[in-house]
Every structure is written in C-alpha cells, then in structure tokens.
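Structural overview for review
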Amino acid sequence: MPPKIRRIPASVASLALLLLTAWPLAAQFQDGRVPDSGQLWFHLNPTLENWSDQFAQNSSLFADGEKEPLFAHVDGPIVGRLFPGAGPLLDDINTDAAVLGFDAVVESDLSLGALDFSTISAQKRTLGLGFELGVIDGLSIGFNAPFTLTDVESAFAFDSLSATVTSATSAFPASGTFFTESQTALTGLQALIDGGSLTGPALTDAMTLRDDADAFLTALQGRSSAGGLIPTAASPAGAQMAQRFADLMTAFDALGLALPGLTLPTSATSGDLDRLFLNSLAAFAPTSARNGMRLGEVELSARFNLIDGITRRRSPGPDLSAVDSTGAAPAALDSADLATPSAALQLRTTVGVTLRLPVLSASFPPFANAPNFVDVPIGDGQTDIELALYQDVSYRKLLFRSMALYGIQRPDALILRVAPPDRPFAFESLQTIVFRDLGDYLMITLRPSLRLNSALSVGLEWEYFRLGAPSFALSEPLADVADAGVLALEGAQQRQRIGIGLTYDLSEAQGRESLSSGTPQVRSPLQFGISLRTPLSGSGGLTPASFRFASGFRIPLGKIF
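Residues numbered from 1 in each chain as written. Predicted model: local features only at pLDDT ≥ 70, side-chain atom pairs only at ≥ 80, totals over all residues. Heavy atoms only, no water.

1. Structural notes on the packing of aromatic side chains
Stated precisely, the cut-off is as follows: Only Phe, Tyr and Trp rings take part, Trp by its six-membered ring, and two of them pair if their centres are within 6.5 Å. Stacked means planes under 30 degrees apart, edge-to-face means over 60, and tilted covers everything else. Runs of H or I in DSSP of at least four residues are treated as helices and runs of E of at least two as strands, each being numbered from the N terminus. The rule is simple: take the accessible area with a 1.4 Å probe, protein chains only, and divide by the maximum for that residue type; under 20% is buried, over 50% is exposed, in between is partly exposed.
For the coordinates displayed, the defined rule picks out 8 aromatic pairs. Between Phe 42 and Phe 131, the aromatic rings sit 5.4 Å apart at their centres with planes inclined by 50°, giving tilted as the arrangement. Of this pair, Phe 42 sits in strand E1 (residues 39-51) while Phe 131 sits in strand E4 (residues 114-136), and the two are 89 residues apart along the sequence. Ring geometry for Phe 178 versus Phe 245: centroids 5.6 Å apart, planes at 45°, classification tilted. Of this pair, Phe 178 sits in helix H6 (residues 177-195) while Phe 245 is found in helix H8 (residues 236-254), placing the two residues 67 residues apart along the sequence. Each of the two residues, Phe 178 as well as Phe 245, counts as buried. Every member of this aromatic cluster is reached through a ring pair, and the members are Phe 172, Phe 178, Phe 179, Phe 216 and Phe 245.

What follows is the structure in structure tokens.
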C-alpha cells in the first residue's frame, strides 16, 4: 500500500529538524527500574526548550560549530525571498501613475525598504503524561502522551532609507494643509475661467491645467484616504512625479496663483512597514506563530529489567525474622544504620523499545498554517522505533545513571517544495511528491551524582545527540530541479549539552518498608527530579543551540492485579 501523502512546506520540514533533540520524552527521568507485576506507575514530565541560535555550517559569517542566529539562513531582502512576485504592490503603486506623471514601476524598481530579521526565538513546552504497568516481575509496558505547545517570536530590522515606495497616508494626511491650499488654488483658477478674463488659447490652456491639477490632486488624495502607495523622492518614479507637480506649479504661478510645494518623503516609516508589509501581506509574512497545547506523537513502550542489584537487593542488616540460639530476635537497626549506603557495588540494567506514532490529525502542526514558515511543528509526521539501554551503578554515596537511545525513523512520502533551506517560501511550481528518510539518531546521557542522604542526590549531566543525514528523492522528474538533494542540506546534526540535576528517589533510599515483617528495601517508585542543560557544542547548520529545563515525577498508583 503506498504511503499516505501529506502537504508541508520545505521550510517547515527544515524547522522540524530543529526539534529532534526533544524526542526522548518518555525517558526524561526514567532509570533502569521497572514496576513489579501488577504495579501501575504514573509519569509526569514537564519540559521546556528554548533557543534563538543554531550551530553554523558553511556560513560566510561564522565558523563551523559556532553559534549563529536562527535567522541566518533567511537573512536578506525578505520580500524577494518570500514572494514569487510583487504583483499586488505593483498594481497599487501604478494606479493612476500616468495622472501623477510617472512611468509604471517595474518589479526591479520596487522596494519596501531593506527588511531583515533581527531575531527569531523559538520555544517548545511539553507536558508528558504517561503510565507504566508491570506485566510480570522485570517486564513492563508503557504509554506516553505528550501535550505540546510551541512559540516563535520574530523581530525585524527595517532600513527605511532604501524604500522606493511608502504610504501616502503618512506623507499626505487627508486633513493636511497641502490639500487645503491646493483646493484654494483650484478655486482661484476656476474663478479666472468663469470670470471671462481668459479667452481663446489662454482659456483652453487654463481649462486643461485645471483638469490636470484636479486629476493629480484627486489621485493623490484618493491614495492617502485608502492607504495606498506613493514613490519616495529618490526613486525614479518619485523624481518624475515631483517634476510633474513642479510643472503644474509653474503654470499656476504664470496665472498669479500659487500651489503649495510638493515634498515627497525621503524614506518609509516603521508604520508603513506595519501597514504595507506585515498587515496587508499577513497571509504570507513571517511573523510570530503560536500553537496552542496539542497532543503530539504518542509513544507505546516496553521495558525489560535484566539485572537489579539496587532496588531488589536485601538489606545488609540482620534478618529480623530470625532468632538467635536463646530464642531472642536480633536488635533492631537504628536510624544511622538505615541511612548508611551499602559499601558494595550494585548494578541495574534495563533494555527497552518504544514505538512513536505520528501526529494523528492533519489539522494540527506541522501541517497547519503552511504559508508561515516560522510556525514550529510539534512533530515530524512519521513513525519512529526507538531502542533504549539504561544502566545504573550504585557505590557508597555515589550514584551513576546512564541512558542510550537509538532511534530508527521510518521512510515516508509527502508533498514538499523542493528548495534549499535558505529559501523559506519557494515557488509553487517547485512542489511535488518527495520520498524522505529522516535518518537514524543516537542520544546518550550520563548522570554522575552524589547522594546527600538516602534519597536525595545531586550531580552533573552530560548529553550527546547525533542525527544521521536525511535523504530525499523525487517521485517523478520536476522541471528545473535535478534532484531533491537540496532538502537534505545541513540535515545531519550533532550536539552536546551539559548541566546539573537533582533527584529525590525513594527507590534508592536505604530504609526499610517495615522492620517487623522482614528486611526488604524500600520499594516505592516515588521519584522527583529537576534537570537544567545548556548547549556546549554542536554542528550541522540546523542544529539548535537550545537550553533545556525539565522536571519529572514518577508516582505509584498501586497494584491493579
């Protein structure tokens, strides 16, 4: 059965790669322990990731591996990059162009000003809700539902001096003195025509002057009232328009009448930017994007405990169920004995597998709001199979936790615009069905910790993430495109993060559930943890230099069978 085809712009696919670092959600604070047979655990994992930089590759401004702003790939004249043509703007500026005295403006002469990104910052907040059930001792199955919210904020740097058009409203307010004084001059000219002092060719010229001046002022006032465009003074169209009005002033002056001076604006304003670009082109403009809390990619998992010498070992203290030769029970351990970690080296090893399913509804990101390329998706739309290894080591006051995840991303097909990552909105003609394989990934975390008491530990964290290069292939030949390889540019990623973590975990405590019924360890899975990680290094070009804050709760709900 052929894969289901989904529509998503190439730019959103590129931004989807930025979120690969947050994939192993269910394993945020999992160690190697699994629930006993019939025991149900509840997992709660809130996570926040934010970033405004990425690790550069093949950049003209930054060395490979250095941090560069997220907008580095989309920096430059945004109008030229985002829009295949400027037809609506050209129609606006060329309305009544002949009346205003300038030749029709062509696209090469049209500029709203140099509009560049000054910042792009992204944020992803996820609330993972999951359950884990012990099927038999040592084997568990789990379910995790990540509810995700994404935000992107964009800011722009606007060079108004390079604009060739601006808003007539800001330059010539409808209630301004220019139109009042112009109307006075027109009234005087009409009085001359009606007074009979002009005859023959002079009268004909005066009537033509009246009609030309009235048409000019009516067109200009109409543009002002409607928020239309006019050329700036330094543009070719602006020079022609200024000359046209100067000729009218000269003709009025010859009749003893005075038109006010026409002063065209020398630049655009930030208000013009808002009206002409961000508002009138809001359907396409790369402004901020926010996706409300959505159900992301659901995870189904299974884990099997190979070795557990930490939570399942017996206490080194005396067996209270035994009696000595006199028939008396051994003395109970005091609180100091209960809090003393074992001097032996204990190990706990667990393996697992997770099936991560794509977002179910095509109305949710990454498929919604396709024209806005800064809309960060909540998933990548394909199925993952993830293998996991958990290794815990306990020795005296030291606790070492490690986790390795290897993800296999399944190939799929979808509709993309085939364009490089620096073209955030490519021509519609470049859209076609593309087969993709996003590449496998590896993530390793190490957490050496020091026990401050029997349950509380604090330590360092190190994270390594690597994503293999993706591959893309055209389903059929596409005009002007040799292959889909441009979609894979800078797709491989590598990153390290370091940080600190705090864990309160009763499953590691050195107490006992009951001194009167034997000597088992405390077996409660109650766990709370906080983790903060900051980027250390990376490469790839699209790899986010993201800060990560996470907390995790593991709460026992009791035995259900």
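2. Here's the deal with the sheet that holds strand E13 (residues 412-417)
Applied cut-off: In this description, strands pair whenever DSSP reports at least two bridges between them. Between the N-to-C directions of two axes lies an angle of 0 to 180 degrees, each axis being a line fitted to C-alpha atoms and, for a helix, fitted only over the stretch in contact.
Taken together, 3 strands build an open sheet; the order of strands is E13-E14-E17 and the sheet is antiparallel. In the strand order of this sheet, the two ends are held by E13 and strand E17 (471-474), each with one partner. Looking at each pair of strands side by side, their axes are set apart by 40° on average, direction ignored. Across 4 bridges, the pairing between strand E14 (residues 431-437) and E17 is antiparallel. Residue pairing in the sheet places Arg 436 in a bridge with Phe 472 of E17.

3. Observations regarding the side chain of Glu 49
Put simply, the test is: Contacts described as polar in this section are N or O atom pairs within 3.5 Å, which, within protein, must combine one atom able to donate a hydrogen with one able to accept it, while residues neighboring in sequence count only if both atoms come from side chains.
Checked against the element boundaries, Glu 49 lands in strand E1. With relative accessibility at 2%, the residue Glu 49 sits in the buried group. Within the structure, Glu 49 has its side chain in polar contact with the side chain of Ser 546 (distance 3.1 Å).

4. Let's talk about the packing of helix H7 (residues 200-226) against H8
Definition in use: The labels follow the angle: roughly parallel below 35 degrees, roughly antiparallel above 145, roughly perpendicular from 65 to 115, and oblique for the rest. Two helices crossing with the near one rotated counterclockwise from the far one by less than a right angle form a left-handed crossing, whereas a clockwise rotation gives a right-handed crossing. The contact definition used throughout considers only heavy atoms, calling two residues in contact when any of these lie within 4.5 Å. Under this grouping Gly is polar, as are all residues other than the nonpolar Ala, Val, Leu, Ile, Met, Phe, Trp, Tyr, Cys and Pro and the charged Asp, Glu, Lys and Arg.
With their axes 11 Å apart at the nearest point, H7 and H8 run at an angle of 140° to one another. Relative to H8, H7 is oriented oblique. Crossing of H7 over H8 shows left-handed handedness. Contact residues: H7 offers Leu 209, Asp 212, Ala 213, Phe 216, Leu 217 and Leu 220, while H8 offers Met 241, Arg 244, Phe 245, Leu 248, Ala 251 and Phe 252. Of the residues contributing to the contact of H7 with H8, the split by class is 10 nonpolar, no polar and 2 charged.

5. A closer look at the pairing of strand E19 (residues 527-539)
It is a general feature of regular strands that their side chains alternate between the two faces of the sheet. Bridging between strand E18 (residues 493-505) and E19 involves 12 bridges; their strand directions are antiparallel. Among the inter-strand pairings, Tyr 504 is bridged to a residue of E19, identified as Phe 528. Bridging between E19 and strand E21 (residues 547-559) involves 7 bridges; their strand directions are antiparallel. When the bridges of E21 are listed, Gln 527 appears paired with Arg 554.

6. So, the environment of Gln 382
Counting through the fold element by element, Gln 382 comes out in the loop between strand E10 (345-356) and strand E11 (384-395). Look at Gln 382 and you get buried, because its relative accessible area is 2%. Not counting chain neighbours up to four residues away, the residues in contact with Gln 382 comprise Glu 297, Arg 356, Pro 358, Gln 409, Arg 410, Asp 412, Arg 436 and Leu 438. Of the polar contacts made by the side chain of Gln 382, one reaches the side chain of Asp 384; its length is 2.7 Å.

7. Let's talk about the sheet that holds strand E20 (residues 543-544)
The sheet built from 3 strands is open, its strands ordered E3-E2-E20 with antiparallel pairing. Both outer strands of the open sheet, strand E3 (67-69) and E20, are each paired with one neighbouring strand and no more. Both strand E2 (residues 53-55) and E3 contribute to a ladder of 3 bridges, which runs antiparallel. Residue pairing across strands places Gln 54 opposite Glu 68, the latter belonging to E3.

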